[in-house]
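Take a look at the letters that make up each chain.
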Amino acid sequence: MSGNDKLEEIRRRRKEWQEKTLGQALERLGISESPNRFYTPLDLDRHDFLEKVGFPGEYPFTSGIYPANITFQMMAEGSAAVVRGGDYGGYGTPEDTRDYYEYMASRGRFGGPNIAFDLPTQCGYDSDDPNARGEVGRTGVAIDTLRDFEVLYEAFVGDNDLDKIASAFTINAPANIIIAMYVALAEKRGIPSNRLRGTPQNDILKELVARGTYIFPPRPSMRMTRDTITYCTEHIPRMNWISVCGYHMREAGATATQVIAFTFANAIAYVQTGIDAGLDVDDFVPRLSFLVMGGSMDFFTEIARARAARRMWAGIMKERFSAKNPRSWIMREPTGGANIGRFNLTSQRPLNNLTRSVIGGVMSSLSGGPPYGGGPYDEPLGLGHSLEALQLQMDAIRIMECECKLGHVLDPFAGSYFVESLTDQVEEEAWREIEKIDAMGGAVAAIETGYMQREIAKIAYRYQREIESGERIIVGINRFVGENELEVTTGRLMEHPYDPKKRADAEEKQIRNLAQVKGERDNR
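For the rest of this paragraph, the subject is the overall build of the chain. Within the chain, the regular secondary structure consists of 19 helices and six strands. For a compact globule of 524 residues, the expected C-alpha radius of gyration is about 24 Å, and the chain comes in at 24 Å, within 12% of that figure. The principal-axis extents of the C-alpha atoms in the chain amount to approximately 85 × 60 × 45 Å. A buried classification covers 50% of the 524 residues belonging to the chain. Contacts spanning at least 24 positions in sequence make up 75% of the contacts within the chain whose residues lie at least 6 apart. On the chain, the mean spot of the 62 positive side-chain charges and the mean spot of the 74 negative ones are 2 Å from each other.

Below is the structure:
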């Protein structure tokens, strides 16, 4: 029987199934339409495995960006092949954050710092600025001067010196200043900048769209990004000069297809900026990285979203920008798979967040990545994570990987009629949105007109209305909240690693530190 004849036979048998087997079941249930769908080869339009899926670590990267994924055991043992920033953290003064890193290292946490900065630092204010009052050291560590950077990095010396670790700087508008401090600190330690590794977030466009810690308008901001690209490419070749972030736009309300389209529209603008500065695409794009896009609890859609995004970015770089280096085609992100965003985690019944994060880990492993899902369960309860929550998060990953063997098979849904069909659908919708932004003149123009901001705001409004109306069910929020439901909690075994007194005293202490630096430095 030929391929076409087989499809016709499936079409005939499906119609027969719908009329008889399914029809009788619906009649018994007293409903007219099935609440479920079943997919067959008829839902895939001329599916070509090599064109649409391929092999992990090879174009088009649908099945994964790596031919073999890093395991949690490799990370835990500090494999020489894995040099990355560690857990996201930071609060109070540089001394407080230094002590925090040293304490976490004493408990076996590994890797360089992934620095959380306070809002004044993120917006370019010194701690003594009146606009910074009440915010110093709150959402992260206060960094005003090179002196602060030196103090923080006292936790990273010897076997953890700057040329042996990777640092992540979660900051955007003043990212170039932070990079300059890193280079200056390295010079003081006698370490050449070409041996430094790290990732500044440096994604100013998503700040303008969704997060708000920008200083300058889009085009002047892009000039600063251009200079960071060119400087890092020439002088810090191991530095990922950007981490393009869909995550924050997803947290603000973007859908699965919007987050792909808006993230890639921004990334296209950055790549074009580097090219316009005179760089060869294959000289700087291999150091372009992505932060995770953050997903919803919509299990299969997020798996399809991760697969479609990898394929689309490979196509953008190969076809649109004519990149020749296969590393330029890779959508480099920390996990490479689907995962859930923090907006799914709730402050009500917070232990349920552990279940949500485990589901995120399953999604990630089934989409071609390792089983790393979401944040610790107490993420919505305040800054920093308790050691108890971190322990449960680590154990969840260990169980998924070591006991359930998740991640042992890469992209297990490759070839699935349903998932391949859904991946094609997500990709098609995302391409339409990218084409719309291209017609506006690209990401910068779309941001200047407020298009991306409006589209995300509309979805966020609709999402909240669905929760409030009960159309969208969130367990423990708008459903299953009766008097017989239990509010399960955990006991505190260890002191929280963020000292509340230090945080409360941080502002005045940091202002005194800054006054001392300004008084003693050689201003000339």
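Relative to the elements of secondary structure, Arg311 occurs in helix H13 (residues 299-320). Contacts of Arg311, omitting those with residues within four sequence positions, involve Lys52, Pro60, Thr62, Thr423, Asp424 and Glu427.

Applying the stated criterion across every chain, the model contains two cavities of 30 Å³ or more. Lining the largest cavity are Asn172, Ala173, Ala175, Asn176, Asn202, Ile204, Phe216, Ser221, Met224, Thr225 and Thr228. Contributions of two or more residues to the lining of the largest cavity are made by helix H7 (175-188) and helix H9 (218-235). If one sorts the elements of the lining of the largest cavity by residue count, H9 sits on top with four residues. Each residue belonging to the lining of the largest cavity can be placed in one class, and the counts come to five nonpolar, six polar and no charged. A domain-level breakdown of the lining of the largest cavity finds at least three residues from each of domain 2 (57-68 + 203-479 + 489-493) and domain 3 (80-200 + 500-524).

What follows deals with the domain arrangement of the chain. Segmenting the chain into domains produces domain 1 (3-38), domain 2 (57-68 + 203-479 + 489-493) and domain 3 (80-200 + 500-524). Placing the centre of domain 1 and that of domain 3 at their C-alpha centroids yields a distance of 61 Å.

Below, the discussion takes up the layout of surface pockets. By volume, the second largest pocket is sized at about 970 Å³. For the second largest pocket, the lining is made up of 37 residues, of which Ser296, Phe343, Asn344, Tyr463 and Arg472 are closest to its centre. Broken down by secondary-structure element, the contributors of at least two residues to the lining of the second largest pocket are helix H10 (247-252), helix H11 (256-276), H13, helix H14 (352-366), helix H16 (417-440) and helix H18 (451-469). Broken down by element, the lining of the second largest pocket gets its largest block of residues, seven residues, from H18. When its residues are assigned to classes, the lining of the second largest pocket shows 17 nonpolar, 11 polar and nine charged.

A complete count under the given rule lists 23 aromatic pairs for this structure. Taking 5.5 Å as the distance between ring centres and 45 degrees as the angle between the ring planes, the aromatic pair formed by Tyr153 and Tyr182 counts as tilted. Of this pair, Tyr153 sits in the loop between helix H6 (146-152) and strand S3 (166-170) while Tyr182 sits in helix H7, placing them 29 residues apart in sequence. The exposure class of Tyr153 is buried, given its relative accessible area of 0%. Here the aromatic rings of Phe264 and Trp313 are separated by 5.3 Å at their centres, their planes lie at 40 degrees, and the arrangement is tilted. Separated by 49 residues along the polypeptide, Phe264 in helix H11 and Trp313 in helix H13 bring together distant segments of the chain. Accessibility classification places Phe264 together with Trp313 in one group, the buried group. Grouped by ring-pair contacts, the aromatic residues Tyr91, Tyr100, Tyr101, Phe149, Tyr153, Phe156, Phe169, Tyr182 and Tyr498 constitute a single cluster. The lysine or arginine in question, Lys318, covers the ring of Tyr59, its NZ or CZ lying 4.2 Å from the ring centre. Sitting above the plane of the Trp329 ring, Lys318 keeps its charged end 4.9 Å from the centroid.

In this section: the environment of Tyr247. Here Tyr247 shows up in helix H10. Judged by relative accessible area, which is 13%, Tyr247 ranks as buried. Ignoring any residue separated from it by four or fewer positions in sequence, one finds Tyr247 in contact with Leu291, Val292, Met293, Gly294, Gly341 and Arg342.

In total, this model carries 40 salt bridges according to the counting rule given. A salt bridge links Glu466 to Arg462; the nearest nitrogen and oxygen atoms lie 4.0 Å apart. In this pair, Glu466 and Arg462 both sit in helix H18, four residues apart, roughly one turn of the helix. Judged by its relative accessible area of 13%, Glu466 falls in the buried class. Accessibility expressed as a relative area gives 47% for Arg462, which makes it partly exposed.

Rules used in this analysis
- Residues numbered from 1 in each chain as written.
- Predicted model: local features only at pLDDT ≥ 70, side-chain atom pairs only at ≥ 80, totals over all residues.
- Heavy atoms only, no water.
- Helix = DSSP H or I, 4+ residues; strand = E, 2+ residues; numbered from the N terminus.
- Rg over C-alpha atoms; globule rule 2.2 N^0.38 Å.
- Buried < 20%, exposed > 50% of the residue type's maximum accessible area, 1.4 Å probe, protein only.
- Contact = heavy atoms within 4.5 Å.
- Lys, Arg positive; Asp, Glu negative; His and termini not counted.
- Charge placed at Lys NZ, Arg CZ, Asp CG, Glu CD.
- 1 Å grid on protein atoms, 1.4 Å probe; cavity = no way out; pocket = protein on both sides within 12 Å on 5 of 7 lines; lining within 4 Å.
- Points joined across faces, edges and corners; volume = space filled by probe spheres on them.
- Nonpolar A, V, L, I, M, F, W, Y, C, P; charged D, E, K, R; others polar.
- Domains from an automatic or database assignment.
- Phe/Tyr/Trp six-rings, centres within 6.5 Å; stacked < 30°, edge-to-face > 60°.
- Lys NZ or Arg CZ within 6 Å of the ring centre and 35° of its normal.
- Salt bridge = Lys/Arg side-chain N within 4 Å of Asp/Glu carboxyl O.

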